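Fold and contact review
Below are the chains, spelled out letter by letter.
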Amino acid sequence: LVKGLESLKSQPCTTQDGHRISVWVNTGLMTDVVRSLSNGAEGVGLYRTEVPFMINERFPSEQEQRDCYREQLEAFSPNIVTMRTLDIGGDKALTYFPIQEENPFLGWRGIRVTLDHPEIFLVQVRAMLKASEGLDNLRIMLPMICNVSEVEEALHLIYRVYHEVREEGVNVSMPQVGVMIEVPGAVYQIKELAERVDFLSVGSNDLTQYLLAVDRNNPRVAGLYHSFHPAVLQALAKVAKDANSVGTPLSICGELAGDPAGAVLLMAMGYEALSMNASNLPRVKSIIRNIDLVWAKQLLSKVLTLDSPDVIKSTLDLALKEKG
Ligand code: PEP
Ligand code: MG
């Protein structure tokens, strides 16, 4: 089986009836890069920049960040690398920047922190742009967006850095900028957000947590964290419908994309790119190459009529088992 999956590496991720989707990876550490390349990743849909921050004892300098980002960009060039701006708070802590809150998941997280500390954001974006010189395969992604004003403020800072580095002689193009859809409020503002950015990417881990009000890391309520909850599927389908109606590129980078059944449903909904942990990539590619888009859409239609996460899960398991 492993050998069979191995030979898939250079094959495109195309269904039997010719529908092509992109398979990307989520990265953080340099070890992810090696695994990603050997599994046939076509780009990076999510580079979690907080990982190099978390393994440090202080904020990494601009030069340190630049070296680290350059490694990622070079490893995947000419394919795109989507770098998420620092997403700390909630479950992601920095020892040298402690955040004490009663309700951290609803508190100071992601873009909220970096817009309150533009010096952190500006240094990071400078490092990203400088790292991209001569490669131009960088995309910048903003986490935890819930208001268009946050996008506008962040874009303003990114343009500012872009003009500064150009003036300093750095030969880089303006990168594409996108936002994560991971706060339920953002699901209802797809068109407004899409007007302002180049791409959208769903963070299904947080989106599921917030839609169902279930802490993604609390074992006591883990049984309620249903990735295939009907409300989650309806939200994901709505995002795809709205993003596709305005022609904005849409991907997903939460764990759901790395689940074979999740990947099939997402493709059927209209997601163009699935970003996952490298270890899930061969399996997802294998199932997509085994099915028809028409079949996946029929399965999606059926599943969207069901009201129980468990019934949905078993329906999916059965359908995929029949496809081998
Ligand atoms: C997500 O929330 O789905 C996501 C991809 O980001 P993270 O898991 O890093 O919060
Ligand atoms: Mg998230």
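Please refer to the structure placed before this passage.
We now turn to the structure provided with this report. This structure is a prediction, so every number in the text was calculated from the model and none was measured.

Scanning the protein from N- to C-terminus turns up 15 helices and 8 strands. For 324 residues, the compact-globule formula gives about 20 Å, and the C-alpha radius of gyration of the protein, at 19 Å, lands near that figure. When the backbone C-alpha atoms are referred to their principal axes, the protein occupies close to 60 × 45 × 35 Å. In the protein, buried positions account for 43% of the 324 residues. In the protein, once contacts between residues fewer than 6 apart in sequence are set aside, the share between residues at least 24 apart is 69%.

Around ligand 1, a shell composed of L46, R48, D87, E182, G203, S204, N205, D206, C253 and G254 is seen. Those elements giving two or more residues to the shell around ligand 1 turn out to be β2 (44-48) and α10 (204-212). Take the shell around ligand 1: its biggest share by element is 3 residues, from α10. Residues of the shell around ligand 1, tallied by class, amount to 2 nonpolar, 4 polar and 4 charged.

Over its 16 residues, helix α11 (residues 230-245) extends 22 Å from the first C-alpha to the last, a length consistent with the 22 Å expected when each residue adds 1.5 Å. Every buried residue of α11 is listed here: V232, L233, A235, L236, V239, A240, D242 and A243. Backbone geometry just after α11 places G247 at a positive phi near 70°.

Attention now moves to helix α15 (residues 309-322). An ideal rise of 1.5 Å per residue puts 20 Å on 14 residues; α15 measures up with 20 Å between its terminal C-alpha atoms. Among the residues trailing α15, G324 stands out with phi positive, at a value near 75°.

Moving on, we come to the environment of S149. Tracing the chain through its elements places S149 in helix α7 (residues 148-167). For S149, a count of 10 C-beta atoms within 10 Å translates into the label exposed.

This paragraph deals with the packing of helix α6 (residues 118-131) against α7. Taken N-terminus to C-terminus, the directions of α6 and α7 make an angle of 50°; their axes are 9 Å apart at the nearest point. When the axes of α6 and α7 are compared, the pair comes out oblique. Taken as a pair, α6 and α7 cross one another with a handedness that is right-handed. Two secondary-structure elements touch here, α6 through P118, F121, L122, V125, R126, L129 and K130 and α7 through L157, I158, V161, Y162 and V165.

Quick look at the nonpolar core now. If you look at the biggest cluster of nonpolar residues, it comprises 83 residues, and the most contacted ones within it are I145, V179, L200, V264, L266 and L274. Ranked by residue count, the leading element in this core is helix α12 (residues 260-269), at 8 residues. When sequence neighbours within four positions are dropped, the list of residues in contact with V264 reads I287, I291, A296 and L299.

Covered by surrounding structure in strand β3 (residues 81-84) are V81 and M83 together with T82 and R84, the residues of both alternating faces. Here 3 bridges tie β2 to β3, and the two strands are oriented parallel to one another. Its bridge partner lying in β3, Y47 is registered against M83. In the sheet, β3 pairs with strand β4 (residues 138-142) via 4 bridges, with the strands oriented parallel. Bridge pairing in β4 places R84 opposite M141.

Our next topic: the sheet that holds β4. What the 8 strands build is a closed barrel, ordered β1-β2-β3-β4-β5-β6-β7-β8; its pairing is parallel. Put simply, the sheet's adjacent strands are angled 25° from each other on average, direction ignored. Of the pairings in the sheet, the one linking strand β1 (residues 22-27) to β2 comprises 3 bridges and is parallel in character. Looking at the pairing, N26 lines up with L46 of β2.

Below, the discussion takes up unusual backbone geometry. The step from S77 to P78 runs through a cis peptide bond, and the omega angle for that step is 5°. Its location among the elements puts P78 in the loop between α4 (62-76) and β3. Located in the positive-phi region is M144, a residue other than glycine, with phi close to 60°. You can see M144 is positioned in the loop between β4 and α7. The exposure class of M144 is buried, given the 23 C-beta atoms found within 10 Å. Phi angles above zero are rare outside glycine, and A213 is one such case at about 55°. Counting through the fold element by element, A213 comes out in the loop between α10 and α11.

So, how was this worked out
- Residues numbered from 1 in each chain as written.
- Chains lettered and ligands numbered in written order.
- Predicted model: local features only at pLDDT ≥ 70, side-chain atom pairs only at ≥ 80, totals over all residues.
- Helix = DSSP H or I, 4+ residues; strand = E, 2+ residues; numbered from the N terminus.
- Rg over C-alpha atoms; globule rule 2.2 N^0.38 Å.
- Buried ≥ 20, exposed ≤ 12 C-beta atoms within 10 Å, placed from the backbone.
- Contact = placed C-beta atoms within 7 Å.
- Near = placed C-beta within 6 Å.
- Nonpolar A, V, L, I, M, F, W, Y, C, P; charged D, E, K, R; others polar.
- Expected span 1.5 Å × (residues − 1).
- Axes fitted to C-alpha atoms, helices over the stretch in contact; angles between N-to-C directions.
- Parallel < 35°, antiparallel > 145°, perpendicular 65-115°, else oblique.
- Left-handed = near helix turned anticlockwise from the far one by under 90°.
- Core = buried A, V, L, I, M, F, W, Y, C linked by C-beta atoms within 7 Å.
- Pairing = 2+ DSSP bridges.

Remember, this is a structural readout, not a statement about activity or role.
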